[in-house]
Amino acid sequence: MRFDTVIRHGTVVTASDTFFSDVGIKDGRIAALAADLTDADEVIDATGLFVMPGGIDSHVHLDQPSGDGIVMADDFDSGTRSAAIGGNSTVLAFCMQEKGQSLREALKIYHAKAEGKCHVDVAFHLVITDPTPEVLGQELPALVEDGYTSLKVFMTYEGLRLRDDEILATLDTARRTGALVMVHCENEDAIRYLIGRHEEEGKFAPKFHAATRPVAAEREATHRALSLAEIVDVPIVIVHVSNREAMEEIRRARQRGQKIAGETCPQYLMLTADDLDQSEMEGAKYVCSPPPRDKASQDACWEGLEQGVFDLFSSDHCPFRFNDPEGKLNEKGKRHFRWIPNGIPGVATRLPILFSEGVMKGRINLNQFVAVTSTNHAKLYGLYPRKGTIAIGADADIALWDPDKRITVTNDILQHGADYTPYEGQEVRGWPMHLLLGGKTIVKDGLLTQQKVRGSYLHRNRSSLVPRGERHR
Ligand code: URP
Ligand code: ZN
Ligand code: ZN
Ligand code: ZN
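Residues numbered from 1 in each chain as written. Chains lettered and ligands numbered in written order. Predicted model: local features only at pLDDT ≥ 70, side-chain atom pairs only at ≥ 80, totals over all residues. Heavy atoms only, no water.

**Q** Let's hear about the UniProt feature "domain: Amidohydrolase-related" (unreviewed entry) in the protein: which residues, and what values?
**A** UniProt records the feature "domain: Amidohydrolase-related" (unreviewed entry) for residues 50–441 in the present numbering. Strand forms 18% of residues 50–441 and helix 38%; the C-alpha atoms that close the span are 16 Å apart. (UniProt positions renumbered as here; feature names shortened; annotations may be inferred. Helix = DSSP H or I, 4+ residues; strand = E, 2+ residues; numbered from the N terminus.)

**Q** Could you give me a rundown of the state of the cysteines, with the residues and numbers involved?
**A** In the structure shown here, the tally under the stated rule is 0 disulfides. You can see Cys95 has no disulfide; the closest cysteine sulfur is in Cys118, sitting 13 Å from it. For Cys118, a relative accessible area of 6% corresponds to the buried category. (Disulfide = S-S within 2.5 Å. Buried < 20%, exposed > 50% of the residue type's maximum accessible area, 1.4 Å probe, protein only.)

**Q** Any details on the coordination of the zinc ion (ligand 3)? Residues and values, ideally.
**A** Looking at the metal site, the zinc ion (ligand 3) is ligated by Lys152 (NZ), His184 (ND1) and His240 (NE2), spaced 2.1 to 2.2 Å from it. Written as a sequence motif, the donor arrangement for the zinc ion (ligand 3) is K-x31-H-x55-H. Between the zinc ion (ligand 3) and the zinc ion (ligand 4) the interatomic distance comes to 3.9 Å. Taken as a pair, His184 in strand 10 (residues 180–184) and His240 in the loop between strand 11 (236–238) and helix 8 (244–255) lie far apart in primary sequence, 56 residues in all. Taken individually, His184 and His240 each receive the classification buried, so the pair is uniform in this respect. (Donors = N, O, S within 2.8 Å, 3.2 Å for Na, K, Ca; no water.)

**Q** I'd like a rundown of the site of ligand 1, residues and numbers included.
**A** Around ligand 1 lies a shell of 13 residues, among which His61, Lys152, His184, Ser289 and Asp316 are the nearest. In this structure, an oxygen atom belonging to ligand 1 sits 3.4 Å away from a side-chain N or O atom of His59. Asn342 is positioned such that a nitrogen or oxygen atom in its backbone is 3.3 Å from a nitrogen atom of ligand 1. Partitioned by chemical class, the residues of the shell around ligand 1 number 4 nonpolar, 7 polar and 2 charged. (Near = heavy atom within 4 Å. Polar contact = N/O pair within 3.5 Å; in protein donor to acceptor, adjacent residues only side chain to side chain. Nonpolar A, V, L, I, M, F, W, Y, C, P; charged D, E, K, R; others polar.)

**Q** If you had to explain the packing of aromatic side chains to someone new, which residues and values would you point to?
**A** On inspection of all chains with the given rule, the structure shows 10 aromatic pairs. Ring centres of Phe154 and Tyr157 lie 5.4 Å apart, and the angle between their planes is 55 degrees; on these two criteria the pair is classed as tilted. One residue, Lys285, lies across the ring of Phe322, its end atom 4.9 Å from the ring centre. One cation-aromatic arrangement involves Lys332 over Trp339; the distance from NZ or CZ to the ring centre is 3.9 Å. (Phe/Tyr/Trp six-rings, centres within 6.5 Å; stacked < 30°, edge-to-face > 60°. Lys NZ or Arg CZ within 6 Å of the ring centre and 35° of its normal.)

**Q** Now, about the coordination of the zinc ion (ligand 2): what can you tell me, with residues and values included?
**A** At 2.3 to 2.4 Å from the zinc ion (ligand 2) lie its protein donor atoms, namely Asp77 (OD) and His119 (NE2). With Asp77 in helix 1 (residues 76–85) and His119 in the loop between helix 2 (103–114) and strand 8 (121–127), this residue pair connects regions lying 42 residues apart in the sequence. The exposure class assigned to His119 is buried, which follows from its relative accessible area of 5%.

**Q** Outline the domain arrangement of the protein, supporting the account with residue identities and numerical values.
**A** Looking at the assigned domains, one finds that the protein contains domain 1 (3–52 + 385–448) and domain 2 (55–359). Taking only C-alpha atoms into account, the centre of domain 1 sits 28 Å from that of domain 2. Each partner contributes residues to the interface: domain 1 has 34 residues there, and domain 2 has 40 residues. Between domain 1 and domain 2 lies a buried interface of about 2900 Å² when both sides are counted; carbon and sulfur atoms form 66% of it. Where domain 1 packs against domain 2, one counts 2 salt bridges. Lys387 is paired through a salt bridge with Asp121; the nearest N and O atoms lie 2.6 Å apart. (Domains from an automatic or database assignment. Contact = heavy atoms within 4.5 Å. Buried area = accessible area lost by both parts, 1.4 Å probe. Salt bridge = Lys/Arg side-chain N within 4 Å of Asp/Glu carboxyl O.)

**Q** Residues and numbers for the sheet that holds strand 11, please.
**A** Sheet strands pair by backbone hydrogen bonding; their relative direction is either parallel or antiparallel. Spatially, 6-7-8-9-10-11-12-13 is the arrangement adopted by the 8 strands of the open sheet, whose pairing is parallel. For this open sheet the edge positions go to strand 6 (55–60) and strand 13 (312–313), each flanked by a neighbour on one side alone. As judged from the 4 bridges shared by strand 6 and strand 7 (residues 88–96), these two strands associate in the parallel manner. Across the sheet, Gly55 pairs through a bridge with Asn88, a residue of strand 7. Along the sheet, helix 7 (residues 215–232) contacts strand 10, strand 11 and strand 12 (260–264); its crossing angle with strand 11, the most-contacted strand, is approximately 175 degrees. Lying over the sheet, helix 12 (residues 350–359) contacts strand 6, strand 7 and strand 13, oriented at roughly 120 degrees with respect to strand 6. (Pairing = 2+ DSSP bridges. Axes fitted to C-alpha atoms, helices over the stretch in contact; angles between N-to-C directions.)

**Q** So, unusual backbone geometry: which residues are in play, and what are the values?
**A** In this structure, Pro290 follows Ser289 across a cis peptide bond, with omega equal to -10 degrees. Along the chain, Pro290 falls in the loop between helix 9 (267–270) and helix 10 (295–306). Cis geometry marks the peptide bond from Tyr384 to Pro385, where omega comes out at 5 degrees. Despite not being glycine, Tyr157 shows a phi value in the positive range, around 80 degrees. For Tyr157, the position within the fold is in the loop between strand 9 (150–154) and helix 4 (164–177). Of note, Asp233 is a non-glycine position whose phi angle comes to about 55 degrees, a positive value. Take Asp233: it is sitting in the loop between helix 7 and strand 11.

**Q** Describe the side chain of Asp397, listing the residues and the values that go with them.
**A** Looking at the element boundaries, Asp397 is found in the loop between helix 13 (366–380) and strand 14 (398–408). Relative accessible area serves as the criterion here: at 6%, Asp397 is assigned to the buried category. For Asp397, the contacting residues outside a window of four places in its chain are Met52, Pro53, Gly54, Ser89, Thr90, Asp121, Lys387, Leu436, Leu437 and Gly438.

**Q** Please set out the pairing of strand 12 residue by residue, giving values where relevant.
**A** Across the 5 residues that make up strand 12, a large majority, 5, are buried. Where burial is concerned, the two faces of strand 12 agree: the one with Ile260, Gly262 and Thr264 and the one with Ala261 and Glu263 are both buried. Where strand 11 lies against strand 12, 3 bridges are found, and the strand directions are parallel. Paired with Ile236 across the two strands is Ile260, which belongs to strand 12. The handedness of the strand 11 to strand 12 crossover, carried by helix 8, is right-handed. Here 2 bridges tie strand 12 to strand 13, and the two strands are oriented parallel to one another. If you follow Glu263 over to strand 13, its bridge partner there is Leu312. (Right-handed = clockwise from strand over helix to strand, strands pointing away.)

**Q** Tell me about the pairing of strand 5 (residues 50–53), residues and numbers included.
**A** Inspection of the sheet shows strand 1 (residues 3–13) paired to strand 5 by 2 bridges, in the parallel sense. By the bridge assignment, Val12 is partnered in strand 5 with Val51. Across 4 bridges, the pairing between strand 5 and strand 14 is antiparallel. Pairing of Val51 across the sheet is with Leu400, part of strand 14.

Here it is as structure tokens:
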């Protein structure tokens, strides 16, 4: 066979194997894995490089409006450009239902936002904020059939959070339709109470964001989400876990026999609540929920990755500009932490940070790296085996990593819309130098090769966590 492209002399890494092989690409897909593939229009020399499936970041917020005139720093153009720079070939973004809005209306809006703008492949999770009988009874089942096979619910954030009975109804619909539910676990009532107490004491600085969202509020909500899922017998994903106690809830639920997935993020390995405790509002840069905790929590999140408690390592990229009255430093936010928009940028730094701090420092191996950054995302969100692995027939979404490349992270190389990165000055070892999307080079020598956008929307199957066939219960 004559190939369109061959990648020669590299070390192929999947979630299960590491082996020397050339990779032959034809019509956008991987067509051969063998030695000495030479007959091709284009040859890419991967000597000394790791040939890995492109990163899949299944937790990315792009172009989501928040009230009060706050503007997210990335749309689908800049956000997916930054994703590509950071070695990702697929992102899963959120389609947020407004109260009173149908899911179809919300999807129409988000598809329009993404259309023609995506530098990598994209799919949407639905965020359910208004679980009416119409939404759960009619819309959601039809949308799951149409390939929107995952959704997120919030236990916190005024206006977004669902009550326990609403969560149960949503989980029950998920069980019937085969959708996978992601849950943001923090106890809203406890947080509201603590915010009130801080207001009485005149405590308004960014650091009090962390103080009013304690570990116990996350642990309790995690336990409650897992219990609600157990009650209706449905798999769930606990997203953005920040500490040991929430992580241990996941471990215990699994030991009880529940089918669940856990996710953690770079901020919980790299940042602490002390980062919020800085002068001149600098701490606002690090405001996200759950908040970064302490050194022991970082160690626990590493342990969860090493031991497989966490299946997913995602960015929770949710970028706002810092020096901006429509971003972190809006007028109300300067007076009270509760108005600082929650979230930090990280779609470009997720993979280099885990590669450098995890693989190069011997905490996880290469196969674990591929599993938690790509393969498990594809499996859990219904994209496998088209995405998430190097195998015959899979899309040729391939990242070539140079393990010896040393980079100092600075905001200008990340190409996102935010005016800062929480990781400014961080030295990393290893970088995704080359990225192919559907067999076409989109990043070369660490830079985007063209302005032409090649990303497409992905229709998804059901999650690998969702049982197949007749349920017996
Ligand atoms: O602070 C965060 N994580 N913002 C993004 C929204 C969410 O809860 O994932
Ligand atoms: Zn562009
Ligand atoms: Zn969340
Ligand atoms: Zn998020």
